[in-house]
Amino acid sequence: MDKILDIDNIDLKIISLLNEDAKTPYTEIAKKVFVSSGTVHVRMKKLEDMGIVKSATLNIDFSKLGYDISAFLGIYLEKSSLYDTVIEKLKTISEVVSAYYTTGNYSIFAKIICRDTNHLRYVLDNIQKVEGIDRTETLIVLEESINRPIQFFDKEK
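Residues numbered from 1 in each chain as written. Predicted model: local features only at pLDDT ≥ 70, side-chain atom pairs only at ≥ 80, totals over all residues. Heavy atoms only, no water.

**Student:** Quick question: what am I supposed to make of the layout of surface pockets here?
**Tutor:** Space left empty within the atom packing is revealed by a probe, the size of a water molecule, rolled over the atoms. Its boundaries defined by the atoms lining it, the largest pocket holds a volume of some 1,300 Å³. Lining the largest pocket are 40 residues, with Thr-57, Leu-58, Asn-59, Ile-60 and Asn-147 positioned closest to its centre. Among the elements of the structure, helix H2 (9-20), helix H4 (37-49), strand E1 (69-77) and strand E3 (108-114) are those that each provide at least two residues to the lining of the largest pocket. Ranked by the residues each element gives to the lining of the largest pocket, the list is headed by H2, at five residues. Counting contributing residues, the lining of the largest pocket receives three or more from each of domain 1 (9-50) and domain 2 (62-141). (1 Å grid on protein atoms, 1.4 Å probe; cavity = no way out; pocket = protein on both sides within 12 Å on 5 of 7 lines; lining within 4 Å. Points joined across faces, edges and corners; volume = space filled by probe spheres on them. Helix = DSSP H or I, 4+ residues; strand = E, 2+ residues; numbered from the N terminus. Domains from an automatic or database assignment.)

Listed below in structure tokens is the structure:
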């Protein structure tokens, strides 16, 4: 909790700008935040050391690479105590791009990306063979309407 106290509005503005586009040069961010590029660099180093900024990622249009199917998978476990074992197995399936331990109907909610329905079927067959998984429910994505970073400040202010 003490680490949060070391964050100010400048840090939040820097995070928000980089969250929109991680490739933005520090010099451009410095101009928008009204500080020097050196200050941005020092602030980013601080945020990385605190574990707030873990990495920079790319936002990829997988369909342009031939991966036309995105799906969410609700996974029911035989026993909740098998979570760690199942997650370790899911980590070995490259099409599983994210997984969450959840409350509600599913023990695990995962996102998978596949080339087509045949590939999806193959991946689902492999996932359903994982020891500890009781059953799964698949929800195929028809359209991703919102995919945005959280905003930490009002740009108009």
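Picking up after the structure, the text goes on.
**Student:** Help me understand the sheet that holds strand E4 (residues 133-140) in this model?
**Tutor:** Backbone hydrogen bonds are what pair the strands of a sheet, in a parallel or an antiparallel way. Read from one edge to the other, the open sheet built from four strands follows the order E2-E3-E1-E4, with strand pairing classed as antiparallel. At either margin of the open sheet sits one strand with a lone partner, and together these are strand E2 (96-101) and E4. Looking at each pair of strands side by side, their axes are set apart by 20° on average, direction ignored. For E1 and E3, the ladder comprises seven bridges, and the chain directions are antiparallel. Among the inter-strand pairings, Ile-75 is bridged to a residue of E3, identified as Ile-108. Sheet strands in contact with helix H5 (residues 83-90) are E1, E2, E3 and E4, and its direction is about 10° off that of E3. Taken strand by strand, helix H6 (residues 117-128) contacts E1, E2, E3 and E4, and its axis lies near 145° from that of E3. (Pairing = 2+ DSSP bridges. Axes fitted to C-alpha atoms, helices over the stretch in contact; angles between N-to-C directions. Contact = heavy atoms within 4.5 Å.)

**Student:** What is the right way to read the UniProt feature "domain: HTH asnC-type" (unreviewed entry) in the protein chain from this model?
**Tutor:** As annotated in UniProt, the feature "domain: HTH asnC-type" (unreviewed entry) corresponds to residues 7-68 in the numbering used here. Helix makes up 53% of residues 7-68 and strand 0%, whereas the separation of the span's terminal C-alpha atoms amounts to 40 Å. (UniProt positions renumbered as here; feature names shortened; annotations may be inferred.)

**Student:** Explain the packing of aromatic side chains here, please?
**Tutor:** Aromatic ring pairs are reported here in terms of the distance separating the ring centres and the angle at which the planes meet. For the coordinates displayed, the defined rule picks out four aromatic pairs. Relative to Tyr-101, the ring of Tyr-83 lies with its centre 3.9 Å away and its plane at 20°, an arrangement referred to as stacked. One end of the pair, Tyr-83, is in helix H5; the other, Tyr-101, is in strand E2, and 18 residues separate them in sequence. Here Tyr-101 falls in the partly exposed class, since its relative accessible area comes to 48%. The ring centre of Tyr-76 lies 3.8 Å from the NZ or CZ of Arg-135, which sits over that ring. (Phe/Tyr/Trp six-rings, centres within 6.5 Å; stacked < 30°, edge-to-face > 60°. Buried < 20%, exposed > 50% of the residue type's maximum accessible area, 1.4 Å probe, protein only. Lys NZ or Arg CZ within 6 Å of the ring centre and 35° of its normal.)

**Student:** Can you help me understand the pairing of E2 in this one?
**Tutor:** As a general feature of sheets, a regular strand has side chains that alternate between the two faces. Bridge count for E2 against E3 is five bridges, and the pairing is antiparallel. Bridging from a neighbouring strand, Tyr-100 pairs with Phe-109 of E3. Connecting E2 to the antiparallel partner E3 that follows it, the hairpin turn spans six residues, and Gly-104 within it adopts a positive phi of roughly 95°.

**Student:** Just checking my understanding: could you explain the pattern of salt bridges for this structure?
**Tutor:** Here the idea is simple: oppositely charged side chains can pair when their charged atoms come close. Under the definition given, this model contains nine salt bridges. Here Lys-32 and Glu-28 are joined by a salt bridge, their closest N and O atoms 3.5 Å apart. Taken together, the positions of Lys-32 and Glu-28, both in helix H3 (residues 26-33) and four residues apart, correspond to about one turn of that helix. By relative accessible area, which is 36% here, Glu-28 ends up partly exposed. The salt bridge involving Lys-111 is made with Glu-144; its shortest N-O contact spans 3.8 Å. Taken together, the residues span a long stretch of sequence, with Lys-111 in strand E3 and Glu-144 in the segment after E4 at a distance of 33 residues. In the salt-bridge network here, residues are joined through shared partners; they are Asp-8, Asp-11, Arg-43 and Lys-46. (Salt bridge = Lys/Arg side-chain N within 4 Å of Asp/Glu carboxyl O.)

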